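# Examining the three-dimensional arrangement
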Amino acid sequence: MSRSKRTDSDSTGVLLALGNKYSAEILCAAETPKSAQALSEDIEIPIATCYRRIEELVDAGLLTCEGRQLSEEGRRTNIYRRTVDELEVDFSDDTPQFSRKRRTEAKNQLQDQLGE
C-alpha cells in the first residue's frame, strides 16, 4: 500500500467531506463494493443523504465508482468502494496536512475473492 502526502486544497476537500455526518460510516461500509442503496440500508440513513455524501467523498478522492450492476429491481446502479484504508491528519502547521494509505488493486481483488 502506498502512502501519499497532500496539502492545502486537497486537505480542505478531504476535511470538508469527512466533517459531514455519515461520511466516515460510508467509508467504513464501503470496504467492499456496494451500491448507494446498500450503503443507505447498512448505515440506516436516507438515500438522498447517502447520495450527497457519496458525491462529496468521490470528489475528495476517498471513494470511487467501481462500475455498474443491476439492482434487484433491474435498474443499473453504480457500485462504490473506498480508495483508502487509513488517513492521518497533521494539524501542527498553519494548514492541515494529511497522508493516506491507499488501497491497492491487489488488496481489492483478494478481498473480493475471499468474500465470495
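Everything discussed here concerns the structure shown above.
Definitions and cut-offs
Residues numbered from 1 in each chain as written. Predicted model: local features only at pLDDT ≥ 70, side-chain atom pairs only at ≥ 80, totals over all residues. Heavy atoms only, no water. Pairing = 2+ DSSP bridges. Helix = DSSP H or I, 4+ residues; strand = E, 2+ residues; numbered from the N terminus. 1 Å grid on protein atoms, 1.4 Å probe; cavity = no way out; pocket = protein on both sides within 12 Å on 5 of 7 lines; lining within 4 Å. Points joined across faces, edges and corners; volume = space filled by probe spheres on them. Nonpolar A, V, L, I, M, F, W, Y, C, P; charged D, E, K, R; others polar. Core = buried A, V, L, I, M, F, W, Y, C linked by side-chain atoms within 4.5 Å. Buried < 20%, exposed > 50% of the residue type's maximum accessible area, 1.4 Å probe, protein only. Contact = heavy atoms within 4.5 Å. Expected span 1.5 Å × (residues − 1). Arc of directions from axis to C-beta.

### Some details on the pairing of strand E3 (residues 63-70)
The pairing of E3 with strand E4 (residues 76-82) spans seven bridges and is antiparallel. Of the residues in E4, the one forming a bridge with Cys65 is Tyr80. Linkage of E3 to E4, two consecutive antiparallel strands, is achieved through a turn of five residues, within which Gly74 is found at a positive phi near 85 degrees.

### Digging into the layout of surface pockets
In this model, the largest pocket occupies a volume close to 310 Å³. In this structure, the largest pocket is lined by 13 residues; those nearest its centre are Ser35, Gln37, Ser71, Glu72 and Glu73. Secondary-structure elements contributing two or more residues to the lining of the largest pocket are helix H3 (36-43), helix H4 (47-59) and E4. It is H3 that provides the largest number of residues to the lining of the largest pocket, a total of three residues. Class assignment for the residues of the lining of the largest pocket results in three nonpolar, five polar and five charged.

### Some remarks on the sheet that holds strand E2 (residues 34-35)
On the basis of which strands lie adjacent, the open sheet formed by three strands has the order E2-E4-E3 and antiparallel pairing. Strand pairing shows two members of the sheet lacking a second neighbour, E2 and E3, which therefore form its edges. When E2 meets E4, the two strands line up antiparallel, connected through two bridges. Looking at E4, one finds that Lys34 is bridged to Tyr80.

### Some remarks on the environment of Gly13
Position of Gly13 relative to the elements: it lies in helix H1 (residues 9-19). Considering only alpha carbons, one finds Gly13 and Leu57, 44 residues apart in sequence, at a separation of 8.9 Å.

### Side note on the nonpolar core
Formed by 19 residues in total, the largest nonpolar core has its most connected members in Ile26, Leu39, Cys50, Ile54, Leu57, Leu62 and Leu63. Those elements that provide at least two residues to this core are H1, helix H2 (23-29), H3 and H4. Once residues lying within four places of it in the same chain are set aside, the contact partners of Ile54 are Ile26, Ala36, Leu39, Leu63 and Tyr80.

### Re unusual backbone geometry
Positioned with a positive phi, Tyr22 is a non-glycine residue whose angle comes to about 85 degrees. Relative to the assigned elements, Tyr22 resides in the loop between H1 and H2. According to the relative accessible area criterion, Tyr22 is partly exposed, its value standing at 23%. If you check the backbone angles, Glu44 has positive phi at about 60 degrees while not being a glycine. Looking at Glu44, the relative accessible area reads 70%, which means it is exposed.

### Focus: the environment of Glu86
Of note, Glu86 is situated in strand E5 (residues 84-90). Sequence separation between Glu86 and Ser99 is 13 residues, and the spatial gap between their C-alpha atoms is 8.3 Å.

### As for H4
Relative to the 18 Å expected for 13 residues at 1.5 Å per residue, H4 spans 18 Å between its end C-alpha atoms, a close match to the ideal helical length. What H4 keeps buried is the set Thr49, Cys50, Arg53, Ile54 and Leu57. On an axial view of H4, the arc spanned by its buried residues comes to 135 degrees, and they lie on one face. Relative to its buried face, H4 has exposed residues pointing more than 90 degrees away, namely Glu55 and Asp59. Just past H4, the residue Gly61 takes up positive phi, approximately 80 degrees.

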